[in-house]
Amino acid sequence: MVLNWQKTGSKIKQRLTKTRHWLQNAVRRRPRTFALLGALFLLWLFCLPRPLFDQPVSFVVEDHQGDLLGARIAADGQWRFPQGPAVPDKYARCVVLFEDRRFWWHPGVDPGSLTRAVWQNISSGKVVSGGSTLSMQVIRMARGNRSRTIWEKAIEAFMATRLEMSYSKSDILGLYAANAPFGGNVVGLEAAAWRYFGKRPNQLSWAEAATLAVLPNSPALIHPGRNRDALLAKRNRLLDKLRAEKIIENFDCELAKEEPLPQQPHPLPQLAPHLLDRLSRQTNNRRFRFETTINRDLQQRVADILARRQGLYRGNDVHNLAAVVIDVPTGNVLAYVGNVVGAGEEHSESVDVIAAPRSTGSILKPYLYALALESGDILPKSLLKDVPTQLGAYKPENFHETYDGVVPSRRALIRSLNVPFVLLLQQYGLEKFHFNLRRLGLTTINKSPGHYGLSLILGGAEANLLDITNTYACMGRELGAFYDRNGRYAADDFRPPNFFNTPPAPSRANLKEAPLLSAGAIWFAFDAMQEVERPNSAGEWELFRTGRRIAWKTGTSFGFRDAWAAGVTSRYAVGVWVGNADGEGRPGLIGVEMAAPVLFEIFGQLPAGESWFDPPYDDMVQAPVCRQSGFRAGEYCEADTVWIPRSGLKSRVCAYHQLLHLDAAGQWQVSSDCESPTIMTHRPWFVLPPVEEFYFKNKNPAYQSPPPFRPDCAGSAVAQRQNPMQLIYPKQAARIYVPVDLDGKLGSTVFKIAHRTPDKEIFWHLDGNYLGSTKTFHEMALQPPVGQHVLTLVDQDGFRLEQAFEIIGKAGRSKLSNTH
């Protein structure tokens, strides 16, 4: 065996040597011939342009099923779509039978067709047939459709053979279909199918496919009134050929012939123009076909809802609306209506409001509530202050400028109270909240915390509708998947929304601790958001209920410029914005009045039946909580054992309940300085500071103020530490901006004080000068001059209160109140 292989190898070597010698001799004898052949081979090898087609193409956006949502005309004014993945079978059969019967077998050139074409042209005395194969026609289109000459035909044949070596037959057919002319400014099968028949190429009937197969041969025939009979005859002849080749049945052929030719071109769908603009910018114009996650039917229904609402709202000169719908589990964007089509350019119809940063109003309050639960600053129902507040030059106010004294944090969120959330932000930390908003996904919070200040929670910052809606979707995704993951978290639960119709990478849920918000904090936030209330015309509160469980929130920016609404279920997150794109405010442009109805109408278009979020008990604990204050129970509280987030174990113990020492009758507070401890009674008491008590009692008549100190005990050290007076305004070392009246003089400033026993008389002094006294209603309008001052208050029992302040003689007032 070894000898046989050696003999075989020796013979091969000898033959190779002889071949080499022959070639060397041939080159010596005919060097020019081989040089010419070599050059010709190199020319053939590199004859194809790269890229083969360099014409501009249209931007195209499709829904999750491949249906067209919209397109933008190419830079050269042509409707030329990017090449699709495959040529539909009906069109492929039609065009091969009509243009190039032996397409699947020839090497780019069909000698039989060329011979037949030459004979027909000679017989007719004019050019009646070109004999070009589909491959040659692709080359001709790639070369700019140059004039038809014998020399050009030879070049096309030469390059077509090279094309066949580089591309498969299916690819060549795809190149032809994508670049063939179809009349007017329509280029390519896909653009033609949508322009002439209003459908995808793979939905064409046999008659429609045959029409488009014959059209590139004479594209001018498509124009109404121009040789339409000739186009009809060519189409029907092709249908007869299909029948003769047994590609279609006789019945199908006759039925197809009855179909009319297309009339005027269909306008292309424009269901998502703002999304198309967004995606083309997002990809720096390097991608031209966008296969998105949009649901076409839902997109149309949402657009119709916004258009109908705009018809109602424009009577109040409100012209723009936007909405987005996100699938919570996947993060896929299901609907994206960036503005109302039909608002008109005079009302900035082309502006994509979804992407535009706008003042947030109150829409961020649930984020702060959840973050404060996570940090342990509050429990779901722990009390927050709700009293008139002046923080430097900034004076936040509630929507109706009324106050509760103290309010459970859950109720503050449900009622969207401003002052409690400003004070909660101050407690939580402005810098920390600013940092965590960025982590939640609010990309437009890009200035320093000091730039926004505490107004950050009431609309002092700008966010866009997509970020707002996606953040709620991310919260829902983390909460919804908590049980499925056996109490684990995934690092990518909070991620940008997905526009492209590609399956997302699987999440790795291997984190024991939440990266930002725990499931427990989110659940309690969503639970409160189900019971959002709204003000009626009288300023009272009504519960706004729906027939389906939705966690939702509204917001209204300062000046009534932006109305927001966002809602989330276990399956969907919806965001709505209403306003004017140019920033013009309008009376009545309130989130709960104008954006919330749109929100619920959109939810009404979404499939119902999804279950609500299960309580994440693995991230919750049962703990004793003070029944009145909502904080962790202290030793003097009446407590209930309730579920709280696990992070709530870090929260502080109730400081509102105190043990009061009373006389035997329980009428007066006493101390050991004036009463024997043996005859004292000791009683736990819910005690609010004087200002909080002043406002709390107005809405809670059952509240019992702590008994005053017995007159003989008022001077004791214990009594002096419990001053019954507290200033409502001004607080701390305030700088007061006083408006200048028309006469050039400073206006008045109203000073106000709360006393546990309103009937007590209070004596007022300014800078040591006696001003007068008040009883029951403790307020006084003063006109101090510009500069530093000290206000001194003394009640009839001798309790004393002093407060320094400064008057600044400039008109100005900073507040954000209409953020509901």
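Calculation rules
- Residues numbered from 1 in each chain as written.
- Predicted model: local features only at pLDDT ≥ 70, side-chain atom pairs only at ≥ 80, totals over all residues.
- Heavy atoms only, no water.
- Axes fitted to C-alpha atoms, helices over the stretch in contact; angles between N-to-C directions.
- Helix = DSSP H or I, 4+ residues; strand = E, 2+ residues; numbered from the N terminus.
- Parallel < 35°, antiparallel > 145°, perpendicular 65-115°, else oblique.
- Left-handed = near helix turned anticlockwise from the far one by under 90°.
- Contact = heavy atoms within 4.5 Å.
- Nonpolar A, V, L, I, M, F, W, Y, C, P; charged D, E, K, R; others polar.
- Patch = residues over 30% accessible without salt bridge, like charges linked within 9 Å, V, L, I, M, F, W, Y side chains within 5 Å.
- Areas by Shrake-Rupley, 256 points an atom, 1.4 Å probe, with all protein chains shown as cover.
- Salt bridge = Lys/Arg side-chain N within 4 Å of Asp/Glu carboxyl O.
- Core = buried A, V, L, I, M, F, W, Y, C linked by side-chain atoms within 4.5 Å.
- Buried < 20%, exposed > 50% of the residue type's maximum accessible area, 1.4 Å probe, protein only.
- Disulfide = S-S within 2.5 Å.
- Lys, Arg positive; Asp, Glu negative; His and termini not counted.
- Pairing = 2+ DSSP bridges.
- Polar contact = N/O pair within 3.5 Å; in protein donor to acceptor, adjacent residues only side chain to side chain.

Undergrad: What am I meant to see in the packing of helix 14 (residues 365-375) against helix 16 (residues 418-428) here?
TA: The relative placement of two packed helices comes down to the angle between their axes together with the axis-to-axis distance. Where helix 14 meets helix 16, the axes come as close as 11 Å, and the angle between the chain directions of the two elements is 45°. The orientation of helix 14 with respect to helix 16, classified from their angle, is oblique. Considering how the two elements wind past one another, helix 14 and helix 16 form a crossing that is left-handed. Within the contact between the two elements, helix 14 uses Lys365, Leu368, Tyr369, Leu371, Ala372 and Ser375 and helix 16 uses Asn418, Phe421, Leu424, Leu425 and Tyr428. Here the residues of the contact of helix 14 with helix 16 are counted per class, giving eight nonpolar, two polar and one charged.

Undergrad: Quick question: what am I supposed to make of a nonpolar patch on the surface here?
TA: Together, Phe41, Leu42 and Phe46 make up an exposed nonpolar region whose accessible area comes to about 350 Å². Within the secondary structure, Phe46 is located in the loop between helix 2 (31-45) and strand 1 (59-62).

Undergrad: Would you take a moment to explain the nonpolar core for this structure?
TA: Ranked by size, the top nonpolar core spans 87 residues in total, and within it Tyr367, Phe433, Ile468, Tyr472 and Phe526 carry the most contacts. With nine residues, helix 20 (residues 519-529) is the single largest residue contributor to this core. Of all hydrophobic cores here, the second largest spans 63 residues; its members include Cys94, Phe103, Met159 and Leu204.

Undergrad: Just checking my understanding: could you explain the state of the cysteines for this structure?
TA: On inspection of all chains with the given rule, the structure shows one disulfide. For Cys674, the disulfide goes to Cys713, at an S-S distance of 1.5 Å. Judged by the sign of its S-S torsion, about 105°, the cystine formed by Cys674 and Cys713 is right-handed. Highlighted residues: Cys674 in the loop between strand 19 (657-662) and strand 20 (681-686) and Cys713 in the loop between helix 22 (690-699) and helix 23 (717-720), separated in sequence by 39 residues. The thiol of Cys626 is unpaired, and the distance to the nearest cysteine sulfur, on Cys637, comes to 3.2 Å.

Undergrad: Sorry, what's going on with the packing of helix 5 (residues 134-142) against helix 6 (residues 150-166) here?
TA: In contact at an axis separation of 8 Å, helix 5 and helix 6 are set at 110° when each is read in the N-to-C sense. Taken as axis vectors, helix 5 and helix 6 run roughly perpendicular relative to one another. Along its contact with helix 5, which presents Ser135, Met136, Val138, Ile139 and Arg140, the element helix 6 presents Lys153, Glu156, Ala157, Met159, Ala160, Leu163 and Glu164. Across the contact of helix 5 with helix 6, the residue classes break down as seven nonpolar, one polar and four charged.

Undergrad: Please explain the side chain of Arg278 as it appears in this structure.
TA: Inspection of the secondary structure puts Arg278 in helix 12 (residues 273-282). Despite being buried, Arg278 has no salt bridge partner; Asp352 is the closest side chain of opposite charge, sitting 4.4 Å away. For Arg278, the contacting residues outside a window of four places in its chain are Tyr336, Asp352, Ala355, Leu466 and Phe499.

Undergrad: Hey, could you run me through the sheet that holds strand 2 (residues 68-72) in this one?
TA: Strand pairing in a sheet relies on backbone hydrogen bonds, with the paired strands running either antiparallel or parallel. Sheet architecture is open: three strands sit in the order 2-1-5, paired in mixed fashion. This sheet does not close on itself; its edge strands, each paired only once, are strand 2 and strand 5 (289-291). For this sheet, the mean inter-axis angle between neighbouring strands, taken without regard to orientation, is 10°. Here three bridges tie strand 1 to strand 5, and the two strands are oriented parallel to one another. Its bridge partner being in strand 5, Glu62 is matched across the sheet by Glu291. This element, helix 12, spans strand 1, strand 2 and strand 5 of the sheet and lies at about 120° to strand 1.

Undergrad: Is there a simple way to explain the environment of Arg561 in this structure?
TA: Mapped onto the elements, Arg561 comes out in the loop between strand 14 (551-556) and strand 15 (562-568). You can call Arg561 partly exposed: its relative accessible area is 38%. Residues Arg561 and Gly588, spaced 27 residues apart in sequence, show a C-alpha to C-alpha distance of 9.9 Å. Only 3.0 Å separates the side chain of Arg561 from the backbone oxygen of Phe558, close enough to count as a polar contact. Among the polar contacts listed, one links the side chain of Arg561 to the backbone oxygen of Gly583, at a separation of 3.3 Å.

Undergrad: What is the right way to read unusual backbone geometry from this model?
TA: Comment: phi is negative for the bulk of residues other than glycine, and the bulk of peptide bonds are trans. With an omega of 0°, the peptide bond between Arg50 and Pro51 qualifies as cis. Position of Pro51 among the secondary structure elements: in the loop between helix 2 and strand 1. We note that Asn486 has phi near 55°; this positive angle belongs to a residue other than glycine. Secondary-structure assignment places Asn486 in the loop between helix 19 (465-481) and helix 20. The class of Asn486 is exposed, set by a relative accessible area of 67%.

Undergrad: What is the right way to read the pattern of salt bridges from this model?
TA: Where charged atoms from two side chains of opposite charge come close, those side chains can pair. Tallying each qualifying case throughout the model produces 35 salt bridges. For Glu62, the salt bridge is made with Arg289, and the minimal N-O distance between the two is 2.6 Å. Residue Glu62 is located in strand 1, and its partner Arg289 is located in strand 5; the two are separated by 227 residues in the primary sequence. Accessibility assignment for this pair places Glu62 and Arg289 in one class, buried. For Glu190, the salt bridge goes to Arg289, with nearest N and O atoms at 2.6 Å. Pair noted here: Glu190 is in helix 8 (residues 189-197) and Arg289 is in strand 5, with a separation of 99 residues, a long-range link. Residue classification places Glu190 among the buried residues on the basis of a relative accessible area of 14%. Residue class for Arg289 comes out buried when judged on its relative accessible area of 12%. Each of the salt bridges in this network shares a partner with another, and the network as a whole consists of Asp240, Arg243, Glu254 and Lys257.

Nothing here speaks to function; it is geometry throughout.
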